[in-house]
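As a plain string of letters, each chain reads:
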Amino acid sequence: MSMSDSVVYLRCIKPTCGGTRSVTECEFTCPRCGDLLDVTYDWQRLPVPRSLRDLEANRHPSVGRWFQRGSRSSEASPLFRRSGVWRFWELLPVAPPEEVLTIGEGQTLLLRADRVGEYIGLRSGCLHLQYEGLNPSGSFKDNGMTAAFTHARMVGARRAACASTGNTSASLALYAAATGQMRAIIFIGSGKIAFGKLAQALDHGALTLQIHGDFDDALERVRQAAGRLSLYLVNSINPFRLEGQKTIMYRVLEGLEWRIPDWIVVPAGNLGNLSAFGKAFLELRELGLIERMPRLAAVNAAGADTLYRLWNDHQLRWHGGAWEKARAESYFHHLKETQRKASTIASAIEINRPVNLPKALRSLEVSDGIVCTVCDEEILEAKARIGAGGLGCEPASAASVAGARKLRHQGVIAADELVVCVLTGHPLKDPNVTVACHGTDEHLFQEVLGKRGFGRIASANPPVSVPNDLERIISVIEART
Ligand code: F0G
């Protein structure tokens, strides 16, 4: 079948290249120039919604017929319509509904958060938090994993692999166990992964390889191993992952009753989300479903600030696809020469060589986006405020709120703008950091924070030690509440 016959195919991100691949392949770089690939749709031949509200009304996509694969008659999974990813199937029709592999992911919430908004410096009603910790494995990764697993099954893969700072691996392990479709192989940097996430990989039975090195080392190795052994790679270099992650933005719009926010603020690690969010809005605009885009604000941890450096110091830009790859490569070369490794308490985004860099540059360009950094102290303080505000998250997620606060104070975000911060992972992913921040356990504090030179956070809420005596217990309660 020629590419022009299929309604979905992979296309090089560089408009001037024109390289394509069929979705029946599982190579994720351009066969002509080696750049990244986008999942691309022939919207003319697909049942696209005519308005955003149609997406709400139209929850019964009449499906397989659009793909004309002959005699397929089986039904979509009962979870298909409940999945917060696949109820937007019309906007990511990577496979017919009956071929989608889902465990009902993406049933997440957008919540107004006035107290956290006040901390940021926003007026009442202006801050919403998109709580992706509600996913089955506790992070946003499940949005993408369902799409990657759907593709993996299409191409007949039996073994899937990833390098991870913890959440991708937890998600992969969970999907492999839940669907029984695949054996999961996980590469992690030794000592680089939060306990909650390691626990998930082990509990779900994944083959877990601890590499002496960090995430960037592990990613390089997993790509080599995947090439040699034909393992199906589920890192966000896999463009199907990003298709699933687009739906986080559809749910944000849905939660705002289809209003377009002024800002989307997102933590920046391997830059999958930033890439996916930009693509989501670009496509909505292309389909005539929105007229303007929100501005994307990407937040790096100060100790893992490649995007910030390249965007702000080196002025690296997408330039409609003519981005200067050599400039990025010379920066990476410099990191290697000076042996600079990423280092942040927000272990999920402890990444120095983000694979989705060009797609992220594109997202920033089309959305008039910006990049900022926040230090670990700002992240931890923001995390405690988010927790006290009624929603929890892991440290990396709190970078979004810390970043919004910084941008508000710099006057980049105005007090009456509508802002959405994405909370990417559940608070129980990294309990050590939380307990160390609040707690009175000196040993844990030293181990987790003290050795990084941190003091206590301003809004610490330590447990109170009380003798086993009712009168004393009552007097403590009376004194403190
Ligand atoms: N927040 C959390 C909780 C994450 O786990 C990650 C990435 C990010 C933010 C950054 O997202 O990569 O799309 O820019 N975690 C990956 C992992 C790298 O292996 O779990 P990104």
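Predicted model only: the values in this text are computed from it and were never measured.

1. Here's the deal with the packing of aromatic side chains
Throughout the structure, instances matching the rule amount to six aromatic pairs. Both rings, one in Phe149 and one in Tyr175, keep their centres 5.6 Å apart while their planes meet at 55°; by these two values the pair is tilted. Of this pair, Phe149 sits in helix 3 (residues 141-154) while Tyr175 sits in helix 4 (residues 167-179), placing them 26 residues apart in sequence. When sorted by exposure, Phe149 lands in the same class as Tyr175, which is buried.

2. Quick look at the sheet that holds strand 10 (residues 263-267)
Taken in spatial order, the six strands of this open sheet run 4-5-13-10-11-12, and their pairing is mixed. Edge positions in the open sheet fall to strand 4 (109-112) and strand 12 (370-374), since each of these has one partner strand only. The average undirected angle you get between the axes of adjacent strands in this sheet is 25°. As judged from the five bridges shared by strand 5 (residues 127-131) and strand 13 (residues 419-423), these two strands associate in the parallel manner. When the sheet's bridge partners are listed, His128 is paired in strand 13 with Val420.

3. Things to note about the site of the ligand
In the vicinity of the ligand lie 19 residues, with Ser164, Asn167, Gly269, Asn270 and Thr424 positioned nearest. At 2.9 Å, a side-chain N or O of Lys141 approaches a nitrogen atom of the ligand. Contacts to the ligand include Asn273, whose backbone N or O atom sits 2.8 Å from an oxygen atom. Here the ligand has 480 Å² of accessible area as a free molecule, and 99% of this is covered by the chains. Contributions of two or more residues to the shell around the ligand are made by helix 4 and helix 8 (272-286).

4. Some thoughts on helix 4
With 13 residues, helix 4 ought to run about 18 Å at 1.5 Å a step, and its terminal C-alpha atoms sit 18 Å apart, in line with that. The element helix 4 is extensively covered by neighbouring structure, given that 10 of its 13 residues are classed as buried. Every buried residue of helix 4 is accounted for by Asn167, Thr168, Ser169, Ala170, Ser171, Leu172, Ala173, Leu174, Tyr175 and Ala176. Buried residues in helix 4 make contact with helix 3, strand 6 (159-164), strand 7 (183-189), helix 5 (195-203) and helix 7 (239-255). Just downstream of helix 4, Gly180 is the residue with a positive phi angle, here 65°.

Reading the values: rules and limits
Residues numbered from 1 in each chain as written. Predicted model: local features only at pLDDT ≥ 70, side-chain atom pairs only at ≥ 80, totals over all residues. Heavy atoms only, no water. Phe/Tyr/Trp six-rings, centres within 6.5 Å; stacked < 30°, edge-to-face > 60°. Helix = DSSP H or I, 4+ residues; strand = E, 2+ residues; numbered from the N terminus. Buried < 20%, exposed > 50% of the residue type's maximum accessible area, 1.4 Å probe, protein only. Pairing = 2+ DSSP bridges. Axes fitted to C-alpha atoms, helices over the stretch in contact; angles between N-to-C directions. Near = heavy atom within 4 Å. Polar contact = N/O pair within 3.5 Å; in protein donor to acceptor, adjacent residues only side chain to side chain. Areas by Shrake-Rupley, 256 points an atom, 1.4 Å probe, with all protein chains shown as cover. Expected span 1.5 Å × (residues − 1). Contact = heavy atoms within 4.5 Å.

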